[in-house]
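Spelled out from the first residue to the last, the chains are:
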Amino acid sequence: MMDQLDVALVEAMHAHPRVGDLELSRLTKVARATVQSRLTKLEAAGVITGYGPDIDLVAAGHPVLAFVTLEIVQGSLDDVTLELESLPNVLEAYITSGNADVVCKIAATSHEDLKDTLLHISQSGSVARSTSVIVLSELVSPRVLPMLRKGAGEGPTRSPAFRDT
């Protein structure tokens, strides 16, 4: 579980994506060694999974976004996984409960590009049925910070050796 200092570090990194350890120390008011130790711990635990840039798909030329649910042929999950991984337009795919077996997030350069991707998926022998929903606009941007803030456990917010001056 993350504590309040872990969340403060992630928030500072989110607000200042190119910040270094020394600046994180200044922003969070904790010792640089504490920042380094906490980041190492968060990376080792798999909480922080990367430092890559966030990409705006519309600005990058992929303005069409859709969610696609797939009902797959029994026993063909491995084949569907390989098929979806081979399609660069498939951004994410998840095994789900309910009527659909898999839900995918797909980006495309145009409606024609989306149609081609959907036809490719539907022609797979592993997919029994697909249903797609085109995104009209974003209502809530992808986010994790509100959830992390809510779930942050109590804990020290500063290294005992660090003092405000």
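Residues numbered from 1 in each chain as written. Predicted model: local features only at pLDDT ≥ 70, side-chain atom pairs only at ≥ 80, totals over all residues. Heavy atoms only, no water.

Visitor: I keep staring at the layout of surface pockets and nothing clicks. Help me out?
Guide: Empty space among the atoms becomes apparent when a probe as large as a water molecule is rolled across them. Each pocket or cavity is described by its volume, and for the largest pocket that value is around 1500 Å³. At the level of secondary structure, the elements contributing two or more residues to the lining of the largest pocket comprise α1 (4-15), β1 (64-72), β2 (90-95), β3 (102-108) and α6 (145-151). For the lining of the largest pocket, the per-class residue count stands at 24 nonpolar, seven polar and six charged. (1 Å grid on protein atoms, 1.4 Å probe; cavity = no way out; pocket = protein on both sides within 12 Å on 5 of 7 lines; lining within 4 Å. Points joined across faces, edges and corners; volume = space filled by probe spheres on them. Helix = DSSP H or I, 4+ residues; strand = E, 2+ residues; numbered from the N terminus. Nonpolar A, V, L, I, M, F, W, Y, C, P; charged D, E, K, R; others polar.)

Visitor: Any chance you could explain the sheet that holds β2 here in plain terms?
Guide: Hydrogen bonds between backbone groups are what pair the strands of a sheet, and the pairing can be parallel or antiparallel. Reading across from one edge, β2-β3-β1-β4 is the order of the four strands in this open sheet, with antiparallel pairing throughout. Bordering the open sheet on either side are β2 and β4 (127-134), each of which pairs with just one other strand. Pairwise comparison of adjacent strand axes, ignoring direction, gives a mean angle of 20 degrees for this sheet. Two elements, β2 and β3, share five bridges in a ladder whose sense is antiparallel. The partner of E92 across the bridge, within β3, is K105. (Pairing = 2+ DSSP bridges. Axes fitted to C-alpha atoms, helices over the stretch in contact; angles between N-to-C directions.)

Visitor: When you look at α1 in this model, what are you seeing that I'm missing?
Guide: Along an α-helix, a turn takes 3.6 residues, which lines up residues three or four apart on a common side. For α1, built from 12 residues, the straight-helix expectation of 16 Å at 1.5 Å per residue is met to within 8% by its first-to-last C-alpha distance of 16 Å. Of the positions making up α1, those classed as buried are L5, D6, V7, L9, V10, A12 and M13. Against α2 (21-28), α3 (32-44) and α6 lie the buried residues of α1. (Expected span 1.5 Å × (residues − 1). Buried < 20%, exposed > 50% of the residue type's maximum accessible area, 1.4 Å probe, protein only. Contact = heavy atoms within 4.5 Å.)

Visitor: How should I be thinking about the packing of α1 against α2 in this particular structure?
Guide: Two numbers describe a pair of packed helices, the interaxial angle and the distance between the axes. α2 packs onto α1 with a crossing angle of 115 degrees between their chain directions and a minimal axis gap of 10 Å. For the crossing formed where α1 meets α2, the hand is right-handed. From α1, A8, L9, A12 and M13 reach across to α2, where they touch L24, L27 and T28. The class makeup of the residues in the contact of α1 with α2 is six nonpolar, one polar and no charged. (Left-handed = near helix turned anticlockwise from the far one by under 90°.)

Visitor: Can you help me understand unusual backbone geometry in this one?
Guide: The phi angle of most residues is negative, glycine excepted, and most peptide bonds adopt the trans form. Residue K29 is not a glycine yet carries a positive backbone phi of 60 degrees. Residue placement: K29 occurs in the loop between α2 and α3.

Visitor: Explain empty space enclosed by the protein here, please?
Guide: According to the stated counting rule, one finds one cavity of 30 Å³ or more in the structure shown. What lines the largest cavity is simply L70, V80, E83, L84, I121, S124 and V127. The greatest single-element share of the lining of the largest cavity, amounting to three residues, is contributed by helix α4 (residues 77-85). Taken together, the residues of the lining of the largest cavity sort by class into five nonpolar, one polar and one charged.

Visitor: Sorry, what's going on with the pattern of salt bridges here?
Guide: Two side chains bearing opposite charge may form a pair once their charged atoms approach each other closely. Tallying each qualifying case throughout the model produces seven salt bridges. R149 is paired through a salt bridge with E11; the nearest N and O atoms lie 2.1 Å apart. Of this pair, R149 sits in helix α6 while E11 sits in helix α1, and the two are 138 residues apart along the sequence. Via salt bridges that share partners, D3, D6, R38 and K41 belong to a single interconnected network. (Salt bridge = Lys/Arg side-chain N within 4 Å of Asp/Glu carboxyl O.)

Visitor: Help me understand the nonpolar core in this model?
Guide: One recurring pattern in soluble globular proteins: nonpolar side chains tend to sit buried together. Counting 17 residues, the largest nonpolar core has L70, L84, C104, I106, L114 and I121 as the members making the most contacts within it. For this core, the elements supplying multiple residues, two or more each, are β1, α4, β3 and α5 (111-122). Top element by residues in this core is β1. It accounts for five residues. Dropping the residues within four chain positions of it, L70 is found in contact with V80, L84, A100, D101, V102, C104, I121, V127, R129 and S130. Among the nonpolar cores identified, the runner-up in size contains 16 residues, and M2, V7, M13 and L145 belong to it. (Core = buried A, V, L, I, M, F, W, Y, C linked by side-chain atoms within 4.5 Å.)

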